[in-house]
Amino acid sequence: MAAPVTKVGILISGRGSNMMALVEQARGYEVALIASDKPDAAGIAWAQQHGLATFTQSPKGIPKAEYEAAIDAALRDASVEIIALAGYMRLLSDDFVARWRGKIINIHPSLLPKYKGLDTHARAMEAGEAVAGCSVHVVTEELDGGEVLGQAEVPILPGDTPDTLAARVLEAEHRLYPRILAEFCAR
Ligand code: GRF
């Protein structure tokens with residue numbers, strides 16, 4: 001009998017290139033829903049064009065708990081078991097994280113625990129690092145703070161700018177995230 005396929009929900013806020021990589025390289029998991037806080041996110045248009053189930057809920061004008069309850073209901077309606085954050089630019093509340101404890105992962109463009117938060121590439125370059133990279137980690141109440149599941153290193157080259165470095169790290173993200181998500185679903 002074939003192994004059961006884990007249903008994954010992906011949360012995005014923007015272009016969704018990591019979401020596309022997760023969809024295109026899916027094995028051992030199935031993308032059951034792509035949800036966004038930005039109804040006009042480019043990634044949502046791509047998902048719809050590809051016949052994937054989508055859900056959008058703007059947080060504007062409603063309490064955070066209500067916004068998150070709507071996302072939570074959509075994920076549960078789609079029978080989602082694991083949530084993959086992929087450029088989702090909103091902090092999840094402690095309540096939401098607790099409800100999905102150990103079931104949410106994220107990709108972050110630095111070699112954690114270094115450079116949590118924003119502007120990771122500029123900060124790595126300013127600090128004179130020779131190597132940058134990306135990490136996939138379990139989401140906890142601490143920003144970019146949960147167990148690191150996998151990392152990829154990317155050298156910082158002479159002449160790099162934060163943008164050129166970000167572009168190379170993004171290619172590494174697209175290879176790393178589907179592999180780590182598949183491993184996480186299997187464990
Ligand atoms: C990626 O760099 C990811 O590491 C970070 O946000 C960016 C999202 O890009 N969390 P995309 O929307 O997946 O193209």
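Scroll up for the structure.
As the structure is a computational prediction, the values presented were derived from the model and not from experiment. Every residue gets a number counted from 1 within its own chain, in the order that chain's sequence is written. The predicted nature of this model means local features are confined to residues of pLDDT at least 70 and side-chain atom pairs, given and counted, to a pLDDT of 80 or more, with totals for whole chains, interfaces and linings taken over all residues. With hydrogens and water stripped out, all remaining heavy atoms of the structure feed into the side-chain values.

(A) Local environment of the overall build of the protein. A count of helical and extended segments in the protein gives six helices and seven strands. Secondary structure follows DSSP: runs of H or I at least 4 residues long count as helices, runs of E at least 2 residues long count as strands, and numbering of each begins at the N terminus. Listing every helix and strand of the protein by position from the N terminus yields β-α-β-α-β-α-β-α-β-α-β-β-α. The globule rule used here is 2.2 Å times the number of residues to the 0.38 power, and the radius of gyration it is set against is calculated over C-alpha atoms. Against the 2.2 N^0.38 benchmark of 16 Å for 187 residues, the protein shows a C-alpha radius of gyration of 16 Å, consistent with a compact globule. Burial classes follow relative accessibility: with a 1.4 Å probe on protein chains only, a residue under 20% of its type's maximum area counts as buried, one over 50% as exposed, and anything between as partly exposed. In the protein, which comprises 187 residues, the proportion classed as buried is 47%. In the protein, the proportion of contacts linking residues at least 24 apart, taken out of those at least 6 apart, comes to 60%. We call two residues in contact whenever any of their non-hydrogen atoms come within 4.5 Å of each other.

(B) Here's a closer look at the site of the ligand. Here a residue is near a molecule or strand as soon as one of its heavy atoms is found within 4 Å of it. Residues in close proximity to the ligand include Arg-15, Gly-16, Ser-17, Asn-18, Gly-87, Ile-107, His-108, Pro-109 and Glu-173, which together make up its full environment. Distance and chemistry together define a polar contact, namely a pair of N or O atoms within 3.5 Å, with one atom able to donate a hydrogen and the other to accept it when in protein, and with adjacent residues in sequence counting only for side-chain atoms on both sides. Ser-17 places a polar side-chain atom, nitrogen or oxygen, 2.5 Å from an oxygen atom of the ligand. A distance of 3.0 Å separates a nitrogen atom of the ligand from a polar atom in the backbone of Ile-107. Throughout, the ten residues Ala, Val, Leu, Ile, Met, Phe, Trp, Tyr, Cys and Pro are labelled nonpolar, Asp, Glu, Lys and Arg are labelled charged, and all others, Gly among them, are labelled polar. Looking at the shell around the ligand, its residues break down into two nonpolar, five polar and two charged.

(C) Representation of helix α1 (residues 17-24). Among the eight residues in α1, six count as buried, and that is most of the element. When we look at burial in α1, the residues that qualify are Ser-17, Asn-18, Met-19, Met-20, Ala-21 and Leu-22. Among the structural elements, β1 (6-12), β2 (29-36), α2 (42-49), β4 (82-85), β5 (104-108) and α6 (162-186) are those in contact with the buried residues of α1.

(D) Seen up close, unusual backbone geometry. Residues Leu-112 and Pro-113 are joined by a peptide bond in cis, for which omega reads 15°. If you trace the backbone, Pro-113 turns up in the loop between β5 and α5 (120-126). Even without glycine at this site, Tyr-115 takes up a positive phi of about 55°. Relative to the helices and strands, Tyr-115 is located in the loop between β5 and α5. Of note in the backbone geometry, Asp-119 takes a positive phi value of approximately 55° without being a glycine. Within the element layout of this structure, Asp-119 appears in the loop between β5 and α5.

(E) Structural view of the nonpolar core. Buried Ala, Val, Leu, Ile, Met, Phe, Trp, Tyr and Cys residues that are joined via side-chain atoms within 4.5 Å together make up what is termed a nonpolar core. If you look at the biggest cluster of nonpolar residues, it comprises 38 residues, and the most contacted ones within it are Ile-10 and Leu-181. Counting residues per element, this core draws most heavily on α6, at 10 residues. The next biggest cluster of nonpolar side chains, apart from the first, holds 19 residues, and it includes Leu-33, Leu-75, Leu-85 and Val-97.

(F) Inspection of the pairing of β4 at higher detail. Every second residue of β4 is oriented toward a common face, with Ile-82 and Ala-84 on one face and Ile-83 and Leu-85 on the other, all of them buried. Criterion used throughout: strands pair if DSSP finds at least two bridges between them. Relative to β4, β1 runs parallel, the two being bridged by four bridges. The residue of β4 that forms the bridge with Val-8 is Ile-82. The crossover handedness rule: strands pointing away from the viewer, path from first strand over the helix to second strand clockwise, crossover right-handed. Regarding topology, helix α4 (residues 94-99) serves as the crossover connection from β4 to the parallel β5, and that connection is right-handed.

(G) The arrangement of the sheet that holds strand β6 (residues 131-138) in detail. Pairing in this open sheet of seven strands is mixed, and the strands run β3-β2-β1-β4-β5-β6-β7 from one edge to the other. The open sheet terminates on both sides in strands that have one partner only, identified here as β3 (54-56) and β7 (148-155). Here the average twist between neighbouring strands, direction ignored, is 20°. Two strands pair when backbone bridges link them, and β1 and β2 are joined in this way by seven bridges, in the parallel orientation. From the neighbouring strand, Leu-11 faces β2, where its bridge partner is Ala-35. Axis lines are fitted through C-alpha atoms, for helices just across the contact stretch, and the angle between N-to-C directions can take any value from 0 to 180 degrees. Sheet strands touched by α1: β1, β2, β4 and β5. Its angle to β2, the strand with the most contacts, is close to 155°. Packed on one face of the sheet, helix α3 (residues 64-77) meets β1, β2, β3 and β4 and runs near 170° to β3.

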